[in-house]
Amino acid sequence: MALRVYNTRTRSLDPFTPQTEGVVRIYTCGLTVYAPMHIGHARTYCFWDVFRRYLEYRGYHVMSVINYTDIDDRIMKKADETHGWLDVAENAIAAFRRDCRALRIKDYAAYTRATDFIDPQVDMVKQLLDKGHAYVVDGEVLYDVQSFERYGKLSGNTLEGGQAGASGRLAEDADRKKHPADFTLWKPSDPGQPTWQTGQEQWPSGRPGWHIECSAMSSVMLGEHFDVHGGAIDNLFPHHENEVAQSEALCGHPWVGYWMHPEHLDLRGIKMSKSIGNVIGVPNLLDTHRYDEIRWFFATTHYRTKLAFGDDLVAASSEGFKKITRAVKILETRLNEVDADARGIPVASKYASLREGDEAVPRERESLLYGEYAELSKKFITRFIEGMDEDVGCPRATAAMFDYVNELFAAGIEQSTDYGSLASAYRCLVRHLYVLGVELPNEALYPQLAADCFPTAGGGEAADPYKAVIDRLLEARADARKSKDFAKSDMIRDVLQAAGVQIEDTPKGARWELE
RNA sequence: GGCCUGGUGGCCAAGUGGUAAGGCAGAGCUCUGCAAAAGCUCCAUUCGCCGGUUCGAAUCCGGCCCAGGCCUCCA
């Protein structure tokens, strides 16, 4: 078995073989930085993050680039109302970085800005003109779609296909364009707007069009041919179609190995838009749901399926997710019963190779398959990989995880004193949650993985200030129960519950957690 | 007009030729002082409709109905 992904270019599930063995080069279309990202962007970028994490899990090195479109009409428009266009862009970029971190989206290798790549863009426009793929009208350079025979092949929007219903806007500049689908490569800036000199006689100054930015930045950063080009489904046409037209007209060969297009998130059929006022920002989202609940929610639906969003839907998914986190917590609690030395956390003695025919698995797999639960873990890992290999099938991975957790409970992880086995199961669970973008590793129990996560900002320590107080109340409650003073013990439980402390009685005494 | 998705139990959602994953909700039981948690068991002869191909179809083909997206900036 090997990874297969749905490739928009071929409209089929293709075996995933990057150009350079073991290395994957990915370019993702980022935001136009005029406003903070919203929940729809969050889904898209969380998907790309999981894809990247899975590739890394499978042993690939991932070179990921994402861009900021920092020169755009919307930015200019906003700049008029507030500060300069640069401030608008800077603010949106800062918000984007903050939001991504809040969602635990791993940092990309590079974040490129369109305005930092003006020269290569000008150069590309020049080349397109030289090769007869573009023409100049009043200082504006337009791409001549009819000069590129494969135009429309990626998206299926052929030039012959009707544009009848596409509203009258196309007719607007029919006199300037050779074909309605011709698009801007370079255009003069309006007075007072940022402008760049090109040194060209017919188009001496101005700014780049949207599509040329991505063509130029991606090849500068990743080369003339790279593996994956992404962006959400809406980018397919016209953006990606136009990128293909630009880049392939110049390089003369298929430019990108795999085009991948995640579907949108929608508010139950209602389009999210500023005018309706139903845009949900990431900080907004994280007010009502934890980041890991959101990540799990995203993982329960395949990335090429429209995802309906609603607080009730997230809540239902979170209810199920609790079972997973509870398993992790119980394992943590159990493991903390003994000293690190006594845990006997297994050490990997060998690792599976990535040779052809072998099942590619993480290096540490052997340490995940130690002890009493090894068979359960092995079955889980196999299902996890099978699911993810089939076009990043996160829903199958989450289903496998539910079964695994159920089996662990059934196998008695709450009673076992085989700490080596418990540690191994703990790591197996946490390691795979990590692939889905959910980071739960306890520093003491899994330092290697914890080191790769975002700082946990207090994390497990948050409860500490209250711990002593809660423990004393629980002691009092235990005494009351022993002397059958249930009125008192229930009162203590009620008080703690009101304060958000969930109590769970186990054969080994009460366990608690903060809600 | 063109292009493209999708319609699976009360809800969410996998499955693309071999006899319906998983989660939520619901029901019963075990455990428990009572709860909670956990465990066990049950919960779609059926996959929008009608035809066809096949030993066999939710899965392939044809037709139809329905919902949605894109073709204009958009993750």
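Our subject is the structure listed above.
Just so it is clear, the structure is predicted and the values come from calculations on it, not from any experiment.

Basis of the calculations
Here the residue numbers are simple positions, counted from 1 along each chain's written sequence. Going through the entries in the order they are written, you letter the chains from A and number the ligands from 1. The predicted origin of the model limits local features to residues at a pLDDT of at least 70 and limits the giving and counting of side-chain atom pairs to 80 or more, whereas totals for whole chains, interfaces and linings rest on all residues. Where side-chain values are given, they derive from all heavy atoms of the structure, hydrogens and water being excluded. If DSSP finds at least two bridges between two strands, the strands pair. Runs of H or I in DSSP of at least four residues are treated as helices and runs of E of at least two as strands, each being numbered from the N terminus. The axes are straight lines fitted to the C-alpha atoms, using for helices just the contacting stretch, and the angles between their N-to-C directions are given from 0 to 180°. The contact criterion used is simple: two residues touch if any of their non-hydrogen atoms lie within 4.5 Å. Whether a set of points on the 1 Å grid over the protein atoms alone is a cavity depends on a 1.4 Å probe fitting there but being unable to get out, while an open set qualifies as a pocket with protein on both sides within 12 Å along at least five of seven lines; lining residues are those with an atom within 4 Å of a point. Grid points are joined across faces, edges and corners, and a volume is the space filled by probe spheres set on the points. Residue classes follow a fixed rule: Ala, Val, Leu, Ile, Met, Phe, Trp, Tyr, Cys and Pro count as nonpolar, while Asp, Glu, Lys and Arg count as charged, and any other residue, Gly among them, counts as polar. Residue ranges for the domains trace back to a domain assignment, done automatically or taken from a database. Helix span, as expected, comes to 1.5 Å for every residue beyond the first. Burial classification: accessible surface area is computed with a 1.4 Å probe over protein chains only, and a residue below 20% of its type maximum counts as buried, one above 50% as exposed, and the rest as partly exposed. Roughly parallel means an angle under 35 degrees; roughly antiparallel, over 145; roughly perpendicular, 65 to 115; everything else is oblique. Handedness of a crossing is defined here by the sense of rotation of the near helix relative to the far one, left-handed for an anticlockwise turn of less than a right angle and right-handed for a clockwise turn.

Peer 1: Got a minute to help me understand the sheet that holds strand 12 (residues 256-260) in this structure?
Peer 2: Hydrogen bonds along the backbone pair up the strands of a sheet, which may run parallel or antiparallel. Spatially, 5-4-3-11-12 is the arrangement adopted by the five strands of the open sheet, whose pairing is parallel. Two strands close off the open sheet at either side, each with one partner strand: strand 5 (110-113) and strand 12. Between one strand axis and the next, the sheet turns through 25° on average, direction left out of account. Examined bridge by bridge, strand 11 (residues 226-230) and strand 12 share four bridges and lie parallel to one another. Note on strand 12: the bridge partner recorded for His229 is Trp259. Docked against the sheet, helix 6 (residues 210-222) engages strand 3 (23-28), strand 4 (61-68), strand 5 and strand 11, running at close to 160° with respect to strand 3.

Peer 1: How should empty space enclosed by the protein be read in this particular structure?
Peer 2: In this approach the atoms are scanned with a rolling probe the size of a water molecule, which exposes any empty space left behind. What the rule picks out here adds up to three cavities of 30 Å³ or more. Taken as a whole, the largest cavity holds about 130 Å³ of empty space. Contributing to the lining of the largest cavity are 13 residues, with Phe47, Phe298, Ala299, Thr301 and Cys394 lying nearest its centre. Taken together, the residues of the lining of the largest cavity break down into nine nonpolar, two polar and two charged. Residue assignment places the lining of the largest cavity across two domains, with domain 1 (4-162 + 169-266) and domain 2 (311-457) each supplying three or more. Lining the second largest cavity we find Ile26, Thr28, Trp48, Asp49, Arg52, Ser64, Ile105, Lys106 and Tyr108. Breaking the lining of the second largest cavity down by element, the ones donating at least two residues are strand 3 and helix 1 (39-57). For the lining of the second largest cavity, the leading source of residues is helix 1, giving three residues.

Peer 1: Sorry if this is basic, but what is going on with helix 13 (residues 374-389) here?
Peer 2: The end-to-end C-alpha separation of helix 13 is 22 Å, in line with the 22 Å expected for 16 residues at 1.5 Å each. Burial in helix 13 covers these residues: Ala374, Ser377, Phe380, Ile381, Phe384, Ile385, Gly387, Met388 and Asp389. Elements that come into contact with the buried residues of helix 13 comprise strand 1 (4-7), helix 1, helix 12 (365-368), helix 14 (394-410) and helix 15 (419-435). Immediately beyond the C-terminal end of helix 13, within one or two residues, lies Asp391, with a positive phi of roughly 55°.

Peer 1: Would you mind going over the packing of helix 6 against helix 7 (residues 236-251) with me for this structure?
Peer 2: Helix-helix packing is characterised by the crossing angle of the two axes and by the distance between the axes. Between helix 6 and helix 7, whose axes approach to 9 Å, the crossing angle comes to 55°. Accordingly, the angle class assigned to the pair helix 6 and helix 7 is oblique. Remark: the crossing between helix 6 and helix 7 carries right-handed chirality. Together, Trp210, His211, Ile212, Cys214 and Ser215 of helix 6 and Pro238, His239, Asn242, Glu243, Gln246 and Ser247 of helix 7 make up the contact between the two elements. In the contact of helix 6 with helix 7, the residues fall into four nonpolar, six polar and one charged.

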